[in-house]
Amino acid sequence: MTTLKVDVHHVTRVEGHGNIVVDVQNGVLKQCDLQIVETPRFFEAMLRGRPYLDASHLTSRICGICAVGHATASLRATEQALGVTPSPQTTLLRKLNFHGEILDSHILHIYMLVAPDYLGVGSVIPLAQSAPDVVLRALRMKQLAGDLCAAICGRHTHPISMTVGGFTHFPSLETLRELRARLVASRADCDATIELLAGLDFPRFERDTEYVALHKGEEYCFIDGVIDSSDGGRWDLEDYRLITNETIVPHSSAKHTRHQRDSYMVGALARFNINHDKLHPRARAAAEALGLAPKVINPYLIAAAQAVEVVHCTEDAILLIDQLLEMGIRHEEPAAPTRLTGEGVGAAEVPRGTLFHHYQIEDGAIVGANCVIPTGQNLANIELDMRALVPTILDRSQEDITLALEMLVRAYDPCISCSTHMLNVRFV
Amino acid sequence: MKPKVAFFEFTSCEGCQLTVLDTLQRHPELLEVIEIVQFREAMSERGEDYQIAFIEGSCTRPSDEAKIREIREQAQIVVALGACAHLGGINAIRNRMPLEQTREYVYGDKKDWFETYPARPLSAVIEVDAVIPGCPIDRKEFATAVTHLLQGRKPAIPDYPLCIDCKLTENVCMFLRGQTCLGPVTRAGCEAICPAQGQGCEGCRGLIPSPNMHSIKQALREHGMTEDQIAAKLSLFLTYQTMQLEGVTPA
């Protein structure tokens with residue numbers, strides 16, 4: 001009978017600190033945990049008492065990768081609470097900025113965190129020698145994404161000019177035209193990305209689960225909308241607790257979420273499964289080239305779904321810039337609050353999935369805050385995937401099993417230092 | 001022999017290490033002069049033989065101190081990377097709040113399940129040889145710092161206020177625009193990126209030597225800020241430093 005112990009202390013090539021611990025004794029799976037050992041960060045407590053204008057700046061520091069996403073969800077929560085209606089230009093600029101972050105994060109994940117596993121190396125650095133064109137392409141795409149964010153909000157890591165009701169700085173039409181030209185030119189890089197992923201040998205592991213993502217009309221939704229589930233049902237953002245209802249389970253060091261099943265998935269694959277028909281036609285074609293058709297239930301294919309979103313966001317960014325160029329950029333003052341006391345929920349589909357910020361504001365100061373991040377929502381699902389996977393690969397070497405588990409965790413692109421809402425327990 | 005370099009992170013958002021990745025991708029020549037032996041976020045290899053350690057993040061729990069000391073013992077040069085490592089950063093906001101209340105607000109009756117204590121900069125735990133300030137760090141400043149370290153010099157960071165950067169950038173003063181700014185007491189070196197984007201300085205690079213705190217508070221008051229708003233502004237990144245100036249120990 002098989003006995004196996006896996007103990008990956010600090011999974012590499014993910015954001016933040018997590019450990020994989022698996023214990024199989026005589027063929028029986030005794031323990032299978034993704035432990036979160038990141039320090040508690042206390043953002044919700046730190047928000048209390050602060051002026052509402054600080055919230056997006058403070059919460060963008062939850063995460064260096066999805067700083068724009070946190071700022072956007074934070075601003076929407078504040079605006080809902082204070083009755084602020086942003087202008088059409090603000091909405092367009094936010095969407096464009098958001099695409100920049102999705103592109104940056106997905107390229108980082110696909111090329112720098114995931115691809116090395118499939119290409120048999122420990123990091124992207126040796127690839128610079130063996131596959132320089134791949135690395136140069138990734139760098140080119142990442143720089144474009146970073147430059148896009150910098151043009152709209154001043155800086156990708158912790159945006160500056162996004163504020164409640166609008167922006168404090170505006171890109172010039174010339175900057176937008178330059179970005180448009182670069183986005184159009186990057187279609188070739190998008191195509192090559194799809195080609196790269198089509199050539200990767202993704203593990204054939206499938207486990208059906210509930211997929212949750214935001215939904216809004218005919219849009220492939222990233223900001224606002226309602227909460228949609230592949231198991232059926234739609235909920236208003238204000239009812240987010242009905243979906244996320246956090247629970248504590250004995251085998252895990254972090255708060256887990258569950259909705260209609262024992263776990264659910266958020267992120268690129270969940271968005272693809274729910275909003276596939278709203279993708280840009282070029283992105284739908286890319287999905288077809290990758291053999292992706294909803295519902296995709298192999299979690300290793302999250303990277304493939306991200307590549308489809310890379311195509312979509314590139315195309316949609318071009319369309320958004322066209323709209324902005326047609327309208328012209330107006331230097332407008334941010335829309336003002338209609339009240340200084342209220343409560344609001346903001347949501348966004350950040351690279352790793354649905355993010356909720358929920359604030360209570362009194363006389364302009366935040367008195368209550370709750371942030372539910374995508375990685376927290378995915379943790380239970382990752383563990384159930386691991387539990388389903390391990391028994392099917394016990395005939396392999398310890399090294400191969402460890403790699404398969406690391407690749408599974410990495411597929412979810414977990415963002416562990418976003419752990420605003422996670423418990424930290426030391427096992428003895 | 002290229003110097004061996006390692007990256008570590010404690011309590012932070014890892015945004016400074018992402019900025020390092022961004023710098024390396026824009027300046028690939030840096031990879032030809034250093035050898036990175038450890039960078040958990042970017043690579044699986046893990047070498048323990050390094051001369052230069054860049055540490056991101058602040059120390060927020062007693063059990064992290066041992067690892068921080070271990071890095072100090074191994075490395076010839078320890079560089080604090082970014083506001084969390086340099087100043088305690090935003091993590092120190094909670095240092096002015098009762099710790100038990102903070103724990104309870106986020107984790108309820110499970111508050112004792114995890115370990116934490118008031119956030120502190122690296123320099124409160126070990127001797128730090130150099131600092132790259134900012135939240136996040138500035139790409140150019142990181143590239144320059146590496147060059148300085150290779151030349152056997154300590155990375156030079158400005159000790160004059162941000163107002164100088166602002167003038168050089170030809171920004172209109174935030175106070176003249178009817179807004180507020182911590183530029184007069186904050187260390188320069190970021191090319192005044194926030195004022196250039198229409199936002200006042202938040203002080204992420206830390207206080208200049210001998211800042212005139214009385215005067216900046218007066219200026220903020222004259223621009224219509226309440227005492228609570230002033231306290232909030234001075235505590236976004238500067239909690240640890242201002243508590244030190246006031247001689248207050250964390251709750």
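Predicted model, so just to flag it, every value in this text is computed and none were measured.

S.K.: Before we go on, may I ask you to explain the interface of chain B and chain A in this structure?
M.R.: Often the size quoted for an interface is simply the accessible area lost on bringing the parts together. Of the residues lining the interface, 55 residues belong to chain B; the matching set on chain A comes to 66 residues. Here chain B packs against chain A, burying approximately 5,000 Å² in sum over the two surfaces, 56% of which is carbon and sulfur. The interface formed by chain B and chain A holds two salt bridges in total. Note that aspartate 147 of chain A and arginine 26 of chain B form a salt bridge whose closest N and O atoms lie 3.3 Å from each other. Here chain B is connected to chain A by 14 residue pairs in polar contact (both at pLDDT 80 or more). Sorting the residues of the side of chain B that touches chain A by element identifies α1 (15–26), α5 (99–107), α8 (193–196) and α10 (227–235) of chain B as the ones contributing at least two each. Looking at which element gives the most residues to the side of chain B that touches chain A, the answer is α1 of chain B, with seven residues.

S.K.: Mind showing me how you'd approach the UniProt feature "domain: NADH:ubiquinone oxidoreductase-like 20kDa subunit" (unreviewed entry) in chain B here?
M.R.: Annotation from UniProt places "domain: NADH:ubiquinone oxidoreductase-like 20kDa subunit" (unreviewed entry) at residues 13–149 of chain B. Strand forms 13% of residues 13–149 of chain B and helix 39%; the C-alpha atoms that close the span are 25 Å apart.

S.K.: Sorry, what's going on with the domain arrangement of chain B here?
M.R.: All names here are of chain B. Domain assignment breaks chain B into domain 1 (4–150) and domain 2 (162–245). Centre-to-centre, using C-alpha coordinates, domain 1 lies 24 Å away from domain 2. Contacts between the two partners involve 18 residues from domain 1 and, on the opposite side, 15 residues from domain 2. Around 1,400 Å² of area is buried between domain 1 and domain 2 when both sides are counted, 60% of it from carbon and sulfur atoms.

S.K.: What am I meant to see in the UniProt feature "binding site: Ni(2+)" (unreviewed entry) in chain A here?
M.R.: Residue and element names in this part refer to chain A. Mapped onto this structure's residue numbering, the UniProt feature "binding site: Ni(2+)" (unreviewed entry) falls at Cys63, Cys66 and Cys415. On the basis of their most widely separated C-alpha atoms, the annotated residues across 353 residues gather in one place, lying no more than 8.9 Å apart. Within the fold, cysteine 66 resides in the loop between α2 (55–59) and α3 (67–82). On the basis of relative accessibility, which here comes to 3%, the residue cysteine 66 falls in the buried class.

S.K.: Explanation requested: the packing of helix α13 (residues 374–389) of chain A against helix α14 (residues 398–411) of chain A in the structure shown.
M.R.: Any two packed helices are characterised by the angle at which their axes cross and by the distance between the axes. All names here are of chain A. α14 packs onto α13 with a crossing angle of 155 degrees between their chain directions and a minimal axis gap of 10 Å. One element, α13, and the other, α14, form an angle in the roughly antiparallel class. Where α13 crosses over α14, the handedness of that crossing is right-handed. Contacts between α13 and α14 involve Ile382, Asp385, Met386 and Leu389 from the former and Ala404, Leu405, Leu408 and Val409 from the latter. Classifying every residue of the contact of α13 with α14 gives seven nonpolar, no polar and one charged.

S.K.: I'm lost on the pairing of strand β14 (residues 365–372) of chain A in this one. Help?
M.R.: Taken residue by residue, a regular strand's side chains alternate between the two faces of the sheet. All names here are of chain A. Taken across its eight residues, β14 has six buried, putting it largely inside the fold. One ladder, built from seven bridges, connects strand β13 (residues 353–362) with β14; its direction is antiparallel. Looking across to β14, one finds that glutamine 360 is bridged to glycine 368. Connecting β13 to the antiparallel partner β14 that follows it, the hairpin turn spans two residues, and aspartate 363 within it adopts a positive phi of roughly 50 degrees.

S.K.: Is there a simple way to think about the sheet that holds strand β7 (residues 226–229) of chain A in this case?
M.R.: Either a parallel or an antiparallel arrangement is found when strands of a sheet pair, and the pairing is made through backbone hydrogen bonds. Residues and elements named next belong to chain A. Spatially, β8-β7-β6-β11 is the arrangement adopted by the four strands of the open sheet, whose pairing is mixed. Two strands lie at the open edges of the sheet, namely β8 (234–235) and β11 (264–265), each paired on one side alone. Looking at chain direction, strand β6 (residues 210–215) and β7 are connected through four bridges and run antiparallel. Within β7, the position partnered with histidine 215 by the bridge is valine 226.

S.K.: Whenever I open this one, the UniProt feature "binding site: Mg(2+)" (unreviewed entry) in chain A confuses me. Can you help?
M.R.: Under the UniProt annotation, the feature "binding site: Mg(2+)" (unreviewed entry) is placed at Glu44 and His421 of chain A. Topologically, glutamate 44 of chain A is positioned in helix α1 (residues 43–47).

S.K.: Hey, could you run me through unusual backbone geometry in this one?
M.R.: Residues other than glycine predominantly adopt negative phi, and peptide bonds predominantly adopt the trans conformation. For the bond from proline 294 of chain A to lysine 295 of chain A, the omega torsion is 5 degrees, close enough to zero to count as cis. The topology assignment puts lysine 295 of chain A in the loop between α11 (281–289) and α12 (302–327). Cis geometry marks the peptide bond from cysteine 135 of chain B to proline 136 of chain B; its omega dihedral reads 0 degrees. Tracing the backbone shows proline 136 of chain B in the loop between β5 (130–132) and α6 (139–150).

S.K.: How should I be thinking about the packing of helix α4 (residues 88–118) of chain A against α12 of chain A in this particular structure?
M.R.: Residues and elements named next belong to chain A. It is at 9 Å that the axes of α4 and α12 come closest, and there the two elements cross at 150 degrees. Classed by the angle they form, the pair α4 and α12 counts as roughly antiparallel. At the point where α4 passes α12, the crossing takes the left-handed sense. Considered class by class, the residues forming the contact of α4 with α12 number 17 nonpolar, seven polar and three charged.

Calculation criteria
- Residues numbered from 1 in each chain as written.
- Chains lettered and ligands numbered in written order.
- Predicted model: local features only at pLDDT ≥ 70, side-chain atom pairs only at ≥ 80, totals over all residues.
- Heavy atoms only, no water.
- Contact = heavy atoms within 4.5 Å.
- Buried area = accessible area lost by both parts, 1.4 Å probe.
- Salt bridge = Lys/Arg side-chain N within 4 Å of Asp/Glu carboxyl O.
- Polar contact = N/O pair within 3.5 Å; in protein donor to acceptor, adjacent residues only side chain to side chain.
- Helix = DSSP H or I, 4+ residues; strand = E, 2+ residues; numbered from the N terminus.
- UniProt positions renumbered as here; feature names shortened; annotations may be inferred.
- Domains from an automatic or database assignment.
- Buried < 20%, exposed > 50% of the residue type's maximum accessible area, 1.4 Å probe, protein only.
- Axes fitted to C-alpha atoms, helices over the stretch in contact; angles between N-to-C directions.
- Parallel < 35°, antiparallel > 145°, perpendicular 65-115°, else oblique.
- Left-handed = near helix turned anticlockwise from the far one by under 90°.
- Nonpolar A, V, L, I, M, F, W, Y, C, P; charged D, E, K, R; others polar.
- Pairing = 2+ DSSP bridges.

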